[in-house]
Amino acid sequence: MIKLKTKENQGMRWSALSLPLSVLLLSFLLFKFFHLKSQSPPSTPRLFTPEELALYNGSDPNLPILLGIIGSVFDVTKGKSHYGAGGGYNHFAGRDASRAFVSGNFTGDGLTDSLRDLSSTEVKSIVDWRDFYFRTYTFVGKLVGRYYDSDGNSTKYLKGAEAKAARGAQLLEKQKNEEAKIPSCNSRWSQDEGSEVWCDDGYPRLVQRPVEIAITGKMSKRCACFKKDELDQQGLEVYEGCDYFASKCKL
Ligand code: HEM
Ligand SMILES: *[C@@H]1O[C@H](CO)[C@@H](O)[C@H](O)[C@H]1NC(C)=O
Ligand SMILES: *[C@@H]1O[C@H](CO)[C@@H](O)[C@H](O)[C@H]1NC(C)=O
């Protein structure tokens, strides 16, 4: 008698709790499901052919603007002012012009996805651009061609480019550590004075960077400050029109 009553009570208590509990559980699962669904990219990204991608070059105002870089395709519609018709970077839209991200050549054969003969740091720079698009825009799929096959798998070219970029990253890291040993010049620019470089301690010299580091002409040299007893080493260039022992040089 007592046992039965207890069982009945427990049963009552359970069913009284079970409805709100199941509602809670269900809504949690539903939330999780939709949350994950909206967070993770689709498990099978869309595959584009070059011809398909070309439709999204910004010339049709009703279509999104897409851009390919080393085979990854991004929706860059929110950057319409750059990539849309008449935008300064419209040549990147509707195609994979990976090479132009380092060459700056937006004409004719310059608009290619071939990275042939680029240095490891140049390839690293292009991979950095791809990271920028991942951070800034929406990834929408892969371009079938040089970097992805028709199954959407990476090709040997993509693996090769990523390996080369990793070597470029190592090289840049090593160079950064080397350069940290010799302080860079201070520099300033003003309307009246123009450009000038100076050293608080030591003498300004231009030093050539290794060719594989020098992505662009601008990056090929840097100004560093050398002590008096270091000035005789090879490869140090005195600024044109600047005295050998001047601590400040106008450019
Ligand atoms: C190799 C050469 C170059 C390449 C590949 C390049 C590429 C790009 C790209 C793709 C963007 C758009 C980024 C985005 O989606 O927000 C951009 C923006 C910009 N670029 Fe370049 N660029 C180059 C050279 C230059 C030069 C020489 C200048 C200036 C003298 C310059 C000035 C700018 C400015 C100011 C923006 C930002 C515009 C804005 O946000 O409204 N770029 N660049
Ligand atoms: C761009 O690339 C093409 C093909 O490689 C070349 O013929 C042209 O001279 C280049 N233009 C510039 C401005 O570098
Ligand atoms: C290529 O993709 C398919 C799925 O489309 C997969 O089954 C296969 O293992 C992949 N091949 C390689 C070499 O990764």
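Above this text sits the structure in question.
Definitions and cut-offs
- Residues numbered from 1 in each chain as written.
- Chains lettered and ligands numbered in written order.
- Predicted model: local features only at pLDDT ≥ 70, side-chain atom pairs only at ≥ 80, totals over all residues.
- Heavy atoms only, no water.
- Pairing = 2+ DSSP bridges.
- Helix = DSSP H or I, 4+ residues; strand = E, 2+ residues; numbered from the N terminus.
- Axes fitted to C-alpha atoms, helices over the stretch in contact; angles between N-to-C directions.
- Near = heavy atom within 4 Å.
- Polar contact = N/O pair within 3.5 Å; in protein donor to acceptor, adjacent residues only side chain to side chain.
- Nonpolar A, V, L, I, M, F, W, Y, C, P; charged D, E, K, R; others polar.

1. Digging into the sheet that holds strand S1 (residues 46-48)
Phase 1: In spatial order, the strands read S1-S4-S3-S2; together these four strands make up an open sheet with mixed pairing. The outermost strands of the open sheet, each flanked by one partner alone, are S1 and strand S2 (66-69). Taken over all neighbouring pairs, the strand axes of this sheet differ in orientation by 40° on average, direction set aside.
Phase 2: Alignment of S2 against strand S3 (residues 72-75), held across four bridges, turns out to be antiparallel. When the bridges of S3 are listed, leucine 67 appears paired with phenylalanine 74.

2. A few points about the sheet that holds strand S8 (residues 221-226)
Phase 1: With antiparallel pairing, three strands are arranged side by side in an open sheet as S8-S7-S9. One side of each edge strand has no neighbouring strand; the edge strands of this open sheet are S8 and strand S9 (236-237).
Phase 2: The pairing of strand S7 (residues 203-208) with S9 spans two bridges and is classified as antiparallel. Bridge pairing links leucine 206 to glutamate 237 in S9.

3. Quick look at the site of ligand 1
Phase 1: Every residue close to ligand 1 is listed here: His82, Tyr83, Tyr89, Phe92, Ala100, Phe101, Gly104, Trp129, Phe132, Tyr133 and Tyr137.
Phase 2: Tyrosine 83 has a polar side-chain atom sitting 2.5 Å from an oxygen atom of ligand 1.
Phase 3: Tyrosine 137 has a polar side-chain atom sitting 2.6 Å from an oxygen atom of ligand 1.
Phase 4: At the level of elements, helix H3 (80-83), helix H4 (100-103) and helix H5 (120-136) are the ones that each hand at least two residues to the shell around ligand 1.
Phase 5: Residue contributions to the shell around ligand 1 peak at three residues, all from H5.
Phase 6: Residue composition of the shell around ligand 1, grouped by class: nine nonpolar, two polar and no charged.

Scope: geometric values only; no functional claims are made or implied.
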